[in-house]
Every structure is written in structure tokens, then in C-alpha cells.
Amino acid sequence: MMGLGSAIGAGLFLGTGVGIAKAGPAVLISYLIAGLIVISVMRMLGEMGAAVPASGSFSEYARIGIGEWAGFTMGWLYWVMLIMVLGAEITGASAIVSGWLPAVPQWAIALVFVTFFAVVNLSKVGNFGEFEFWFAAIKVAVIVGFLVLGVLVIFGVLPHTDPAGFTHFLGDGGFMPNGIGGVAAGLLVVAFAFGGIEIVTIAAAESEDPERSIATAVRSVVWRISVFYLGAVAIMVFVLPWHSADSGTGPFVAVLDQAHLPMVSGLMEVVVVIALLSAFNANVYGTSRMAYSLALRGDGPRVLTRLSRTGVPSAAVWLSVFFGFVSVLLNWLLPDQLLSILLNAVGSALLVIWVFIAVAQLRLRPRLERAGTLPVRMWGHPYLTWLTLAALGGLIALMATDADARKQLLSTLVLFAVIAFCGVVTARRRRRRSNDSQANHGQADHPLAADRSPV
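**Let's talk about the packing of aromatic side chains**
Tallied over the full model, the rule gives 16 aromatic pairs. With a centroid separation of 5.2 Å and an interplanar angle of 85°, the aromatic rings of F133 and W134 are classed as edge-to-face. Each member of the aromatic cluster is reached from another via a ring pair, and the members are W76, W79, F322 and F323.

As C-alpha cells, this is what we get:
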């Protein structure tokens, strides 16, 4: 449910129309390609996570499989990415609620939300899981209801509706009105819609049986999300003209308007607020656990390893909440300046993280096989992993050909270079201290001394 809740957010409820407007009905191809990439990446992550459960997830696997600098870079890149997203999510939710309560300042609503979820995340992890479960359950129920109503609209079963047929699906310029270029442009939009599913392996590491939890989650969550996304988008392209899908109300509301149901806009606004708050809740959790994991292995301030009586990394949670407030402040003071620059810098960070997950899986697989700890196995290893890497490389090349995406790519590369440089410096300092300690104790260097891997 956490995987569903993290990935089914505002990107699906509001951002789907952008992809449809770029690719037309052929956006289904874009979603299919992106979905296959994400399924492969999650299978790789599931293989490593089930064998070596760690709250640092892919950051820890990058450290073990590639090197200490890679673990440092992946961890802090992910943390920075989610911190920037936190501000956008809480600001979006408070802006909608402010429209319902015009007498209450938007900053006051944001303060209430951030404080509430700080309390949730500072209490025992079971409380966080309970909130996230119900948030996800509401979103899933809404999407299931949408799929049912959408099918009824397509076949004209509801009163005052006519069968949609293939008028919009194959008309209005055909299935692929903007050609292959439109599919490529749509792919750039939808690839990031699946972001958030990786939090499954972070959360499962704190479960009672992490090996089984990760294996179960990876096997079930991916296909469910694929069905939800592809099913919802298929209904949209059958019911709506593709060039009007990117309307101000969003494609979900536009489809439900065709069903002539009352109070649809208000209902969807409530759902979008829930989606944003759910993602904010999950991202506070994800950033705090990543910061805790990094600090635990010496890649962050030691204070972040401090635990509460209930076992929650309280200092790491407060750090995430603090920057959540900072992001809200930036979004309030500089909506079109500083925050937009920071968001551009992390816009394509997800692709970098997926690439490192694939490389780490290639490096770790032989060691995990020798250790005999592979409850989950990557399909078609190593060929499917290499194919996924090639697909990610193609996606990055596509970004380089698009003016807006190119800016995001360049900003992300700069951010990656800065964090990687810090990671290399940190790794060298740690290695120097380790060598000095060995020299003081008269220990000889060993070629595997740097490998602290549990495998």
C-alpha cells in the first residue's frame, strides 16, 4: 500500500494530461515503455533488498557494489530530490485548502500540515504506516471507482451519455497524431510519474520480516501500479479529445464530467489534497531514513543517528521537517525563481538513481549468488539489466534533444558532480583515518579491508 500511495500522486491525478497532450492516444506506448523500465528497476532493487535489507536501500547497495563515493552520492542526491518535492507537495495542498478557507492564510494551513505530519513521523513507525495505509486506500478506491465509471462512459451505459467508440482514440489525427516525436516527448513526461515506488524497500527494511516483506511488495506493487496507470490513461484517451486533455481541471475531472456526475470537481480536489499529503508523509519518512542510514555509516552528521524511545530517528525527522518549512518559505517568497531552479536541478535525478541501481545489481549479483542469499532474482540476468541500462541511456539522450528537459539534465549533472565530489573527499578521508588506525595498531592492510559488506 505504501508503494501504491507513493507512486499514485499528483503526477497521475494532474500531470497525466500533459503526456496525453504531447503524444495523443499513443501516450499509452510512452506509459508502457516507462512502466517496463520501472518494473525492471524495481525487480533489481527487490533482488538486492530481499538479500540485504537496509533502510538506506539503493544508497547502501551502491556503496557495497560500486564504492563508498557512490553510496554517499546516491543517498544525498535522493535526499535533496525529496526535500525539494516536500515543499511543492505541502504548498500545493495548502493552496487548495486555502481556496476552501479564504479567511485562513496559506502559510498557517501549511504550518498545521507540516506540524501534524512531524508528530506522525516522530511517533512509532506503526503510526506512520497506519496513516499511509489509509491515505493509499482512499486513492486506490478513487482510481478503482474511476476505472468503473470510465468504462461505463465509454460504452454509454450511464444516463445522458453516448458510446465513445473509437472517435477520440483513432480520430482527431489518428492514434499517433504527433508521430514518434510525440511519443518520445510523452515518455519524458511520464517516466517521472512512477517515482516514489522505490520507498517500498526503504520501509520494508523496518518491518518484522524484511526479506519476505520486500519480496512480496516488489512482486505485487509493480503490476498493480501498471494496471492503474495504463487503465486510467486508456479511459482518458477513449473519452477525451487528446488536445483538450491538459485542461485546468485535470483529465480525471474532465472524464468524470462526461458522466454528468454532480460535485465532481470538489471531490477530485479533496482527492488531490489527500494525494499530496500522502506523498508528503511518505517523503518525510523516506528522507529521514535515508539521512539516518547515511549518518550511521559516517556519510552524514553523527547527530542524525539519534533515536527516540520508540526507535524513530528523531533528529533525522526534524531535519526533514525543517527543510520542509524552508521549501514552503521559498515557494511562498520566490515561487518563480529560486525554488524553480532547485526543482530543475533534481528533475532528472531519478534517472541517475535508476542507473546506479542497475549498475549496483550487476556488481552485486555474483557476490549474492556465492553467499546463497537470493530469495528474489532479477529476470534474464544480466541481459535484461543491460537492456534497462540501454533504455535509460536512450531516455537521457531524448532529454538532451528537448530544450526544457536539457536544462533539467544539465542542472542534475551539476548537482550530481558536486555531491559526488563531496562523496569522493569523504571516502578518502575515511580511508586515510582507517589506514592511520591500522598503522597505529600494527595491522597490515588487506585487499578486502574496505569491503564492509554484509555479503
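**Observations concerning the pattern of salt bridges**
Here the structure, examined in full by the defined rule, presents eight salt bridges. Between R63 and E60 there is a salt bridge; the shortest N-O distance is 2.8 Å. Here E60 and R63 lie together in helix α5 (residues 58–65), a separation of three residues that amounts to about one turn. On the basis of relative accessible area, R63 is assigned to the buried category, the value being 12%. Judged by relative accessible area, E60 falls into the buried class, the value being 13%. Linking R377 and E369 is a salt bridge whose minimum nitrogen-to-oxygen distance equals 3.6 Å. Among the charged side chains, a network of salt bridges with common partners joins E60, R63, E68, R297, D299 and R430.

**Structural notes on the side chain of S57**
Along the chain, S57 turns up in the loop between α4 (27–51) and α5. Since its relative accessible area comes to 0%, S57 is described here as buried. The contact partners of S57, leaving out residues within four places of it in the chain, are L45, T201 and I202.

**Considerations on the nonpolar core**
Residues F13, M74, L77, F146, W354 and I357 are the most contacted members of the largest nonpolar core, which totals 137 residues. Residue contributions to this core peak at 18 residues, all from helix α14 (residues 264–296). Setting aside anything within four residues of it in sequence, one finds L77 in contact with A349, V352, I353, L415, F416 and I419.

**Considering helix α6 (residues 68–100)**
Helix length check: α6, at 33 residues, gives a terminal C-alpha distance of 49 Å against a target of 48 Å (1.5 Å per residue), a fit within 8%. Counting buried positions along α6 gives 24 out of 33 residues, so the element sits mostly inside the fold.

**Let's talk about the packing of helix α3 (residues 16–23) against helix α10 (residues 179–190)**
At a minimum axis separation of 7 Å, α3 and α10 run at an interaxial angle of 165°. Compared by their axis directions, α3 and α10 come out roughly antiparallel. As for how α3 packs across α10, the hand of that crossing is right-handed. Here V18, G19, K22 and A23 of α3 lie close against α10, whose contacting residues are G182, V183, A185, G186 and V189. Across the contact of α3 with α10, the residue classes tally to five nonpolar, three polar and one charged.

**Overview of a nonpolar patch on the surface**
Together, I29, I33, M176 and I180 make up an exposed nonpolar region whose accessible area comes to about 320 Å². In this fold, M176 is placed in the loop between α9 (167–170) and α10. Classification of M176 by relative accessible area gives partly exposed; the value is 31%.

**Structural notes on the confidence of the model for the protein**
Put simply, the protein has an average pLDDT of 80, and 86% of its residues get 70 or more. For the protein, the element scoring lowest by mean pLDDT is helix α16 (residues 338–346), at 57; helix α17 (residues 349–371) scores highest, at 91. Below pLDDT 50 for its whole length, residues 443–455 participates in 18 contacts with residues either more than four positions away or in separate chains.

**Some words on the side chain of S30**
If you trace the backbone, S30 turns up in helix α4. Polar side-chain contacts of S30 include one of 2.8 Å to the backbone oxygen of V183. If near-sequence neighbours (up to four positions away) are discounted, S30 is found in contact with A23, V183, G186, L187 and V190.

So, how was this worked out
Residues numbered from 1 in each chain as written. Predicted model: local features only at pLDDT ≥ 70, side-chain atom pairs only at ≥ 80, totals over all residues. Heavy atoms only, no water. Phe/Tyr/Trp six-rings, centres within 6.5 Å; stacked < 30°, edge-to-face > 60°. Salt bridge = Lys/Arg side-chain N within 4 Å of Asp/Glu carboxyl O. Helix = DSSP H or I, 4+ residues; strand = E, 2+ residues; numbered from the N terminus. Buried < 20%, exposed > 50% of the residue type's maximum accessible area, 1.4 Å probe, protein only. Contact = heavy atoms within 4.5 Å. Core = buried A, V, L, I, M, F, W, Y, C linked by side-chain atoms within 4.5 Å. Expected span 1.5 Å × (residues − 1). Axes fitted to C-alpha atoms, helices over the stretch in contact; angles between N-to-C directions. Parallel < 35°, antiparallel > 145°, perpendicular 65-115°, else oblique. Left-handed = near helix turned anticlockwise from the far one by under 90°. Nonpolar A, V, L, I, M, F, W, Y, C, P; charged D, E, K, R; others polar. Patch = residues over 30% accessible without salt bridge, like charges linked within 9 Å, V, L, I, M, F, W, Y side chains within 5 Å. Areas by Shrake-Rupley, 256 points an atom, 1.4 Å probe, with all protein chains shown as cover. pLDDT = per-residue confidence, 0-100. Polar contact = N/O pair within 3.5 Å; in protein donor to acceptor, adjacent residues only side chain to side chain.

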